[in-house]
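The lines below spell out each chain.
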Amino acid sequence: MRRPGLTLLESLLGMALSLLVMAAGFEFFGLAHKVFARVKAGEEAAHGALAAVDRMRIDLLHAGRGLVAEMELGLVAAVEADAATLRAVSLERALDLAAEARPGDTRVLLASAADIVPGREIVFSDGLGGEVRAVAAVETGAVVLREPLAGAYSPATAALSLLDRVAYFLDAPAAVLRRRANASPAQPLLEGVAAAAWSHDPVSRLVRLRLELTVEGAHPHEATVFLKNPSLAVAR
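Note that the structure is a prediction, hence the values are computed from the model and not measured. (Residues numbered from 1 in each chain as written. Predicted model: local features only at pLDDT ≥ 70, side-chain atom pairs only at ≥ 80, totals over all residues. Heavy atoms only, no water.)

Novice: Can you tell me about the side chain of S161, naming the residues and giving the values?
Specialist: You can see S161 is positioned in strand β7 (residues 159-171). You can call S161 buried: its relative accessible area is 5%. Only 3.1 Å separates the side chain of S161 from the side chain of E70, close enough to count as a polar contact. Beyond its immediate stretch of four places on either side in the chain, S161 contacts L67, E70, L91, R93, E121, I122 and V123. (Helix = DSSP H or I, 4+ residues; strand = E, 2+ residues; numbered from the N terminus. Buried < 20%, exposed > 50% of the residue type's maximum accessible area, 1.4 Å probe, protein only. Polar contact = N/O pair within 3.5 Å; in protein donor to acceptor, adjacent residues only side chain to side chain. Contact = heavy atoms within 4.5 Å.)

Here it is, written out as structure tokens:
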């Protein structure tokens, strides 16, 4: 009498079918995981790019702030752009002379030299002209300039401006967009950048930004910024 159950052939077929179903399930899981990882990487890259573009937009909107007179005299440019670097400058704070500054001076007495460090730049202006000088050293109540002054400046009439400079550039070998503030080391702003481009039209006072990412399928991120502060200098 035959006992109920599966034959060897039926058991082998069942095992083969089970393995086939398990293999298909693992394959589907692997593909789903890859798709999820790709989508997540794309979303994270997009968020990072949006944050980087927003940071650049803020710096550009601040460009020229507090420097209307200096821009009118041609002492500073609110924005400068070339293929490698995008630069913006604004006023950090006004400085006060503590004594007369004469042509040839490299040591300038200030009412306060707080928060000034070597490498920072100061605009000296008398209302008719002026010059920009970099700080070589800082002393108590004074700064030492890298180059001597060309003009004379009186505490009663001179205007001194401590500049706040920002520069952006692409570190191509590392695929990193970096931001440098004044004389500080450049800090990474966005990783995974395949290309970064910018242009400045001084007539329309528009700056156009474009960032391309290394993430597969990521769309380029673009922005156009109107430079309001240089427009004020032209309108005066």
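Once you've had a look at it, read on.
Novice: Outline a nonpolar patch on the surface, supporting the account with residue identities and numerical values.
Specialist: The grouping of L19, M22 and F26 at the surface amounts to a nonpolar patch, some 360 Å² of accessible area in total. Assignment of secondary structure puts M22 in helix α1 (residues 8-62). Judged by relative accessible area, which is 46%, M22 ranks as partly exposed. (Patch = residues over 30% accessible without salt bridge, like charges linked within 9 Å, V, L, I, M, F, W, Y side chains within 5 Å. Areas by Shrake-Rupley, 256 points an atom, 1.4 Å probe, with all protein chains shown as cover. Salt bridge = Lys/Arg side-chain N within 4 Å of Asp/Glu carboxyl O.)

Novice: An account of the packing of aromatic side chains is requested, with residue identities and associated values reported.
Specialist: Overall, the coordinates contain one aromatic pair when judged by the stated rule. Ring plane angle 45 degrees and centroid distance 5.6 Å describe the contact between F124 and Y153, whose orientation is recorded as tilted. Of the two residues, F124 sits in strand β4 (residues 121-125) while Y153 sits in the loop between β6 (142-145) and β7, which places them 29 residues apart along the sequence. Assessed through its relative accessible area of 0%, F124 is described here as buried. (Phe/Tyr/Trp six-rings, centres within 6.5 Å; stacked < 30°, edge-to-face > 60°.)

Novice: Account for the pairing of strand β11 (residues 206-213), naming residues and giving values.
Specialist: The two faces of β11 differ: V207, L209, L211 and L213 on one face are buried, but L206, R208, R210 and E212 on the other face are not. Taken together, the eight bridges between strand β10 (residues 193-201) and β11 define a ladder with antiparallel strand orientation. Note on β11: the bridge partner recorded for A195 is E212. Hairpin geometry of β10 and β11 is characterised by an intervening segment of four residues between the two adjacent antiparallel strands and by a positive phi of about 60 degrees at R205. The pairing of β11 with strand β12 (residues 221-226) spans six bridges and is antiparallel. Its bridge partner being in β12, L209 is matched across the sheet by A223. (Pairing = 2+ DSSP bridges.)

Novice: Just give me the short version of the sheet that holds β11, but keep the residues and values in it.
Specialist: Whenever strands of a sheet pair, they do so through backbone hydrogen bonds, lying parallel or antiparallel. Here three strands make up an open sheet; going across it, the order is β10-β11-β12 and the pairing antiparallel. Whereas interior strands pair on both sides, the edge strands pair on one side only; in this sheet they are β10 and β12. Here the average twist between neighbouring strands, direction ignored, is 10 degrees. (Axes fitted to C-alpha atoms, helices over the stretch in contact; angles between N-to-C directions.)

Novice: Can you explain the pattern of salt bridges? Please cite residues and give values.
Specialist: In total, this model carries 11 salt bridges according to the counting rule given. Across the pair R57 and D54 runs a salt bridge, and its minimum N-O distance is 3.3 Å. Within this pair, R57 and its partner D54 are both found in helix α1, separated by three residues, close to a single helical turn. R57 sits in the partly exposed class, given a relative accessible area of 29%.

Novice: Go over the pairing of β4 with me, naming the residues and quoting the values.
Specialist: The buried fraction of β4 amounts to four of the five residues, a majority that puts the element mostly inside the structure. Pairing of β4 with strand β5 (residues 130-139) involves five bridges; the strand directions are antiparallel. Looking across to β5, one finds that S125 is bridged to G130. Note: β4 against β7, four bridges, orientation antiparallel. The residue bridging S125 from the neighbouring strand is A159, located in β7.

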